[in-house]
Amino acid sequence: MSTSESNILNGADSLAIDTAVRALKSDLLVAIPTETVYGLAARASSPKAVKKIFTIKGRPTEHPLILHIAKTQDLTLWSSDLPRAAHALAEKYWPGPLTLVVRRNNKVCDEITGGRDTVAIRCPSHPITTELLIRLDDAIVAPSANRFGKVSPTSARHVAEDFGDEVIVILDGGECSIGVESTIVDCTTNPPQILRAGAITAEQIEIDCGITVASASGESRASGMLEKHYAPNCIVELASSRKDAEIRLANLKSVGRIAEIIDFGADLEMYAHELYSCLRDADKRLVDVVIAVKPAMTGIGIAINERLNKASNSASGD
Ligand code: TXA
Ligand code: MG
């Protein structure tokens, strides 16, 4: 793990955005802030730059990347045969924490999609990244800026911890306002399916747009659905209540383990905002076991539970 923070630039400084744009145009990678988590970006039109993402992250090439665009209208530049639901969801939620899986067109290189005929697209709402995309005059592809299988970064410092020596520009846009990755909706099925939970829920989509979205079924399409994702080094245990967590904490401490509780009560937004930071922090302090109190299965609580389940499964060797 590297700890260099010298390449963190203040993204509010216009010159820093220029530096990032120059780097991207030279096929280098740049870390960018978004409202969900920080991304590790490459210029979408450069297969050479896109390949670097897989190398630096240690990510298998068959795990496709999300394409990030400057504005809603750019959706049609990279897709084909858009169903009505995709248009409606983009209109309603972009810019924002929603990724749409749609049919790709031939502007999208194979390196981005792992050769699939679909592409995941999102229009992020962080103003620094919007400005970067406008000045670049291209789309970027950006996975979360963490090593493959590890916890996503929600601050520039987190990115520097993972990639400080390898990514020459980390644009600092402050702490990510949401803190968990975007909702992914596959619009190539009827009805559309949620492949990854996020801040925008199926219930909200139904209320806002009158579109029914199903839970994921069939062959797994989003890597996060199956694998050891979002895993810190410490063991993550889940507790159904604060009281259960405290009993477990006392047990662990009595046998000499370093343990702590993550719990934000009914404040689900705060839970999402702090979760990855808490897990990264626990690893730094060499905590053995984190006991996370499961939030309510409502709103962004669904996404938090999904991430916690994955973190706890991988820690037990799943
Ligand atoms: O909030 C986010 O979405 C963040 C920020 C940086 O934008 N990005 C992010 O990217 O979480 P990543 O690479 O960590 O996760 C992308 C997910 C993976 O689970 C991948 O399998 C899925 O998107 N995905 C990408 N293209 C897909 C496709 N064509 N079909 C199905 N799933 C796809
Ligand atoms: Mg990720």
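That block above? That's the structure.
In this text the structure is predicted, and so the values were computed from the model without any measurement.

A. Looking closely at the environment of T183. Among the structural elements, T183 can be located in strand 10 (residues 183-186). Sequence separation between T183 and I200 is 17 residues, and the spatial gap between their C-alpha atoms is 6.0 Å. Beyond its immediate chain neighbours, meaning those up to four positions away, T183 contacts P97, L98, T99, I194, R196, A197, G198, A199 and I200. Side-chain polar atoms of T183 contact the backbone nitrogen of G198, separated by 3.2 Å. One polar contact links the side chain of T183 to the main-chain carbonyl oxygen of I200, over a distance of 2.8 Å.

B. How the structure looks around the sheet that holds strand 15 (residues 289-293). Pairing is parallel in the open sheet, where three strands are placed in the order 13-15-14. One side of each edge strand has no neighbouring strand; the edge strands of this open sheet are strand 13 (235-239) and strand 14 (259-262). Neighbour-to-neighbour, the strand axes of the sheet open up by a mean angle of 25°, direction not taken into account. Direction of pairing for strand 13 relative to strand 15: parallel, over a ladder of five bridges. Bridge pairing in strand 15 places V236 opposite V290. Along the sheet, helix 9 (residues 242-254) makes contact with strand 13, strand 14 and strand 15, crossing strand 14 at roughly 170°.

C. Expanded view of unusual backbone geometry. Here the amide bond leading from W94 into P95 is cis, since omega sits at -5°, within 30 degrees of zero. In this structure, P95 sits in the loop between helix 4 (84-93) and strand 6 (98-104). With an omega dihedral of 0°, the bond running from N190 to P191 counts as a cis peptide bond. By the secondary structure assignment, P191 is in the loop between strand 10 and strand 11 (193-196).

Reading the values: rules and limits
- Going along each chain's sequence as written, the residues are numbered from 1 onward.
- Labels follow written order: the first chain is A, the first ligand is 1, and so on.
- Thresholds applied to this predicted model are a pLDDT of at least 70 for local features of residues and 80 or more for the giving and counting of side-chain atom pairs; totals over whole chains, interfaces and linings are not thresholded and use all residues.
- Water and hydrogen atoms play no part in the side-chain values, which are based on all heavy atoms of the structure.
- Under the DSSP-based scheme used, a helix requires at least four consecutive residues in state H or I and a strand at least two consecutive residues in state E, with every element numbered from the N terminus.
- By definition, residues are in contact when any of their heavy atoms lie within 4.5 Å.
- The definition of a polar contact used here is a pair of N or O atoms within 3.5 Å, where within protein one atom must be able to donate a hydrogen and the other to accept one, and adjacent residues in sequence count solely through side-chain atom pairs.
- Whether two strands pair depends on DSSP finding at least two bridges between them.
- Fitted lines through C-alpha atoms give the axes, limited to the stretch in contact for helices. The angle between two N-to-C directions lies from 0 to 180 degrees.

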